[in-house]
Amino acid sequence: AQTVTQSQPEMSVQEAETVTLSCTYDTSESDYYLFWYKQPPSRQMILVIRQEAYKQQNATENRFSVNFQKAAKSFSLKISDSQLGDAAMYFCAYRSPLGAGNMLTFGGGTRLMVKP
Amino acid sequence: NAGVTQTPKFRVLKTGQSMTLLCAQDMNHEYMYWYRQDPGMGLRLIHYSVGEGTTAKGEVPDGYNVSRLKKQNFLLGLESAAPSQTSVYFCASGRTGVSTDTQYFGPGTRLTVL
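Chains are numbered independently. Their residues run from 1 in the order of the written sequence. Going through the entries in the order they are written, you letter the chains from A and number the ligands from 1. Reporting in this predicted model follows two pLDDT cut-offs: at least 70 for local features of residues, and 80 or more for side-chain atom pairs to be given and counted; totals over whole chains, interfaces and linings ignore these cut-offs and use all residues. Each side-chain value is worked out from all heavy atoms of the structure, with water and hydrogens disregarded.

Draft legend 1. How the structure looks around the sheet that holds strand S8 (residues 73–78) of chain B. Residues and elements named next belong to chain B. In space, the four strands of this open sheet follow the order S1-S3-S8-S7, with antiparallel pairing throughout. For this open sheet the edge positions go to strand S1 (4–7) and strand S7 (64–67), each flanked by a neighbour on one side alone. Averaged over all pairs of adjacent strands, the angle between strand axes in this sheet comes to 20°, irrespective of strand direction. Sheet topology places strand S3 (residues 19–25) next to S8; six bridges connect them, and they run antiparallel. Pairing between strands is defined by DSSP: at least two bridges between the two strands are required. A run of H or I in DSSP becomes a helix once it reaches four residues, and a run of E becomes a strand once it reaches two; helices and strands are each numbered from the N terminus. To get an axis, fit a line to the C-alpha atoms, keeping to the stretch in contact for a helix; angles then go from 0 to 180 degrees between the N-to-C directions.

Draft legend 2. How the structure looks around the interface of chain A and chain B. When checking whether two residues touch, look at their non-hydrogen atoms; a contact exists if any pair is within 4.5 Å. Between chain A and chain B, the residue contacts involve 23 residues of the former and 30 residues of the latter. Using a 1.4 Å probe, buried area is obtained as the accessible area two parts lose upon being combined, added over both of them. Here chain A packs against chain B, burying approximately 1,900 Å² in sum over the two surfaces, 50% of which is carbon and sulfur. Think of a salt bridge as a Lys or Arg side-chain nitrogen and an Asp or Glu carboxyl oxygen that are within 4 Å of each other. At the boundary of chain A and chain B, one finds zero salt bridges. Here a polar contact is taken to be a pair of N or O atoms separated by no more than 3.5 Å, where protein atoms must pair a possible hydrogen donor with a possible acceptor and residues adjacent in sequence count only if both atoms sit in side chains. Inspection of the region where chain A meets chain B yields five residue pairs in polar contact (both at pLDDT 80 or more). Counting residues per element, the ones that place at least two in the side of chain A that touches chain B are strand S5 (33–39), strand S6 (46–52), strand S10 (88–95) and strand S11 (104–106) of chain A. Among the elements that line the side of chain A that touches chain B, the one with the most residues is S5 of chain A, at four residues. Throughout this entry, Asp, Glu, Lys and Arg are counted as charged residues, while Ala, Val, Leu, Ile, Met, Phe, Trp, Tyr, Cys and Pro are counted as nonpolar. The remaining residues, Gly among them, count as polar. In the side of chain A that touches chain B, the residues fall into 11 nonpolar, eight polar and four charged.

Okay, structure coming up:
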């Protein structure tokens, strides 16, 4: 079974600065999909970015980008020019292409605080 | 377009009581999921459905039942609530079984069992 680990329970960043959230995973599969979700105080889960393991190029979405290191099984999220609205819980998730129902396996989350 | 909605938003139960959580999606998605989120932990899959009339167990199914009588609705039932089921419950839906497909989440239901 796959596991996802987020080793930073909390992170803090100054507004307009850059912060990186860490995620590692354990899998024996060669093809899979990785996701970062944002959960603001409203509790709704919002997809931030996704990465296909077979793609070497790191995914980017505006101020959000990932550093995908397949050999190291690492999938970190970089937030540039942090904004107050970025404050939230961030969850890393793994999906196997072979898993029944395309289930997501989540990490424990990182709470990001943004200081004005 | 409402997306994924959940009813109710909050609920308090006494041990042994039963209740049903309703999830509805208006995106014509085939796949639907129920997760629970506990403090300090990521979401864990309870049950899921790959289409109308089908259900399957996820990672933590014990104490829960589900039904998918209509494509747009996915119900989660607690037959005899226990304090260990105090959690926030999330419903999600997905368009197809394609692995890159995004799961769309509802706003969550906070359940407290006394």
